[in-house]
Number of protein chains: 2
Amino acid sequence: MDHFMPSVSNLTDHTGYLMRLVSNAVSQDFACKVAAIGVTVAEWAFLRVLFDTDGIAPTALADKMGMTRGAISKLADRLLAKGLIRRSDSQTDRRAQVLALTTQGRNMVPDLARLADENDAETFGLLTTAERAALDQILKTLIERRSLTTTALD
Amino acid sequence: MDHFMPSVSNLTDHTGYLMRLVSNAVSQDFACKVAAIGVTVAEWAFLRVLFDTDGIAPTALADKMGMTRGAISKLADRLLAKGLIRRSDSQTDRRAQVLALTTQGRNMVPDLARLADENDAETFGLLTTAERAALDQILKTLIERRSLTTTALD
DNA sequence: TATTGTTATACTCTATAACTATA
DNA sequence: TATAGTTATAGAGTATAACAATA
């Protein structure tokens, strides 16, 4: 007499689960590092985009970052309160706004970038050069195929 | 006259950033799928652990899942309200409790596991077999080296 | 009518710590 | 005193939708 054993996959059978484990750990480590400078991970990404695309509209930034306009609005409020960005009215469209870095904000970006470099090195430095290259390639493949082009991929 | 150009790394130069992008997208997709059954991603993991380790204490579960006792307590409240788990007092230690699946909860796990399988296939099926194997291996390496043994890795 | 940006609401997840009851 | 579990608080992130002003 056979028992039909329903095969129930383990959590760790799923690549998505493994990735969430690693990703959350890396993000939390990074969050601790940037917290020392007084910003969050989302704020760092916001500032980094403005570093290249200064004078961007909130809606455009939302598209670029894969966030809603409401979320961008709240983030902008916080960064404004911290004196890291400026919010001004568009000259051409009286509904629209323009977001830009303050001098303080702009000066902070290289420091934050360095922390991001460090964090990446600490975590992924554990891998061989080949493994690391493979991982980057695979992640970029997934991002492309799934059109997760939150921030233009170079 | 040289300008010293401070090199500021891009967001996409960081493996951690790429991974967060992919991981968040995968998790959100999965969250939508399991929401149809009425649970969250964290609740799925909770139920899946109980499926193998029925009758576990909250503190032990917190250790196993890499969460605080407070977080486990809130999760347990929700799962209790949904009728998916049972909470009883330990026989041996009157401070301690025992968490176990209800019949309804146990019956739900294979369905959830199937959704997790599907979600994984949809996302990582885009990769070649070799790429997928490499990704799993690399993630497991990172989890081991960083001791992210939230749930025992097989 | 559609779009820009803000605001309100709500929910998940996380972290810290105060609290009780028991050991 | 240490441990088991609960609860309160707070902040980050996410999502939806109502709203006022402008196009």
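Refer to the preceding data block for the structure.
Residues numbered from 1 in each chain as written. Chains lettered and ligands numbered in written order. Predicted model: local features only at pLDDT ≥ 70, side-chain atom pairs only at ≥ 80, totals over all residues. Heavy atoms only, no water.

### A look at the relation of the copies chain A and chain B
Mapping chain A onto chain B leaves a residual RMSD of 0.1 Å; the transformation is a rotation of 180° accompanied by 0.0 Å of translation along its axis. Here the copies are linked by what is in effect a two-fold axis. Looking at the interface residues of chain A, 100% of them are also at the interface in chain B, so both copies use one shared face. (Least-squares fit on C-alpha atoms with pLDDT ≥ 70 in both. Contact = heavy atoms within 4.5 Å.)

### Focus: the protein's contact with DNA strand D
Around DNA strand D lies a shell of 20 residues, among which Arg94(A), Thr59(B), Arg69(B), Arg87(B) and Arg95(B) are the nearest. Within 4 Å of the protein, the atoms of DNA strand D are drawn from sugar and phosphate moieties in a proportion of 65%. A distance of 2.5 Å is found between a phosphate oxygen of DNA strand D and a side-chain nitrogen or oxygen belonging to Thr59(B). Arg87(B) is positioned such that a nitrogen or oxygen atom in its side chain is 2.6 Å from a phosphate oxygen of DNA strand D. For the surface near DNA strand D, the secondary-structure elements that each account for two or more residues are α4 (69–81) of chain A together with α3 (58–65) and α4 (69–81) of chain B. In terms of residue count, the dominant contributor to the surface near DNA strand D is α4(B) (three residues). (Near = heavy atom within 4 Å. Polar contact = N/O pair within 3.5 Å; in protein donor to acceptor, adjacent residues only side chain to side chain. Helix = DSSP H or I, 4+ residues; strand = E, 2+ residues; numbered from the N terminus.)

### Details of the packing of aromatic side chains
Tallied over the entire structure, the rule returns two aromatic pairs over all chains. Ring geometry for Phe30(A) against Trp44(A): centres 6.5 Å apart, planes inclined by 80°, an arrangement best described as edge-to-face. Within this pair, whereas Phe30(A) is found in helix α1 (residues 15–35), its partner Trp44(A) is found in helix α2 (residues 41–52), the two being separated by 14 residues in sequence. Like Trp44(A), Phe30(A) is buried. Of note, Arg106(B) hangs over the ring of Phe51(B), and the distance from its end group to the ring centre comes to 4.8 Å. (Phe/Tyr/Trp six-rings, centres within 6.5 Å; stacked < 30°, edge-to-face > 60°. Buried < 20%, exposed > 50% of the residue type's maximum accessible area, 1.4 Å probe, protein only. Lys NZ or Arg CZ within 6 Å of the ring centre and 35° of its normal.)

### Remarks on α4(A)
Residues and elements named next belong to chain A. The end-to-end C-alpha distance of α4 is 18 Å, a good match for the 18 Å that 13 residues give at a rise of 1.5 Å each. Inspection of α4 places Ile72, Leu75, Ala76 and Leu79 among the buried residues, and these make up the whole buried set. When α4 is viewed along its axis, its buried side chains cluster within an angular range of 105° and face the same direction. In α4, those exposed residues whose orientation departs by more than 90 degrees from the buried face are Lys74 and Ala81. Contact partners of the buried residues in α4: α2, α3 (58–65) and β1 (85–89). Following α4 by one or two positions, Gly83 adopts a phi angle in the positive range, close to 75°. (Expected span 1.5 Å × (residues − 1). Arc of directions from axis to C-beta.)

### Re the protein's contact with DNA strand C
The environment of DNA strand C is formed by 20 residues, the closest being Thr59(A), Arg69(A), Ser73(A), Arg87(A) and Arg95(A). Near-protein atoms of DNA strand C (within 4 Å) split between backbone and bases, with sugar and phosphate holding 60%. Between a phosphate oxygen of DNA strand C and a side-chain N or O atom of Gln28(A), the distance comes to 3.1 Å. For the surface near DNA strand C, the secondary structure elements donating two or more residues are α3 and α4 of chain A together with α4 of chain B. At three residues, the largest contribution of residues to the surface near DNA strand C is made by α4(A). Taken together, the residues that form the surface near DNA strand C break down as five nonpolar, seven polar and eight charged. (Nonpolar A, V, L, I, M, F, W, Y, C, P; charged D, E, K, R; others polar.)

### Points about the environment of Ala121(B)
Inspection of the secondary structure puts Ala121(B) in helix α5 (residues 103–124). As a C-alpha pair, Ala121(B) and Phe51(B) span 70 residues in sequence and 23 Å in three-dimensional space.

### Re the interface of chain A and chain B
Tallying the contact residues gives 57 residues for chain A and 57 residues for chain B. In total, chain A and chain B occlude about 5300 Å² of area from one another, counting both sides; carbon and sulfur atoms represent 66% of this. A per-residue breakdown of the area chain A buries against chain B is headed by Leu11(A), Thr15(A) and Arg146(A), which together make up 11% of the total. One salt bridge connects Asp29(B) with Arg146(A), and the closest N-O pair in it is separated by 2.6 Å. The tally of links from chain A across to chain B stands at 24 residue pairs in polar contact (both at pLDDT 80 or more). Here the side of chain A that touches chain B is built from residues that sort into 30 nonpolar, 13 polar and 14 charged. (Buried area = accessible area lost by both parts, 1.4 Å probe. Salt bridge = Lys/Arg side-chain N within 4 Å of Asp/Glu carboxyl O.)

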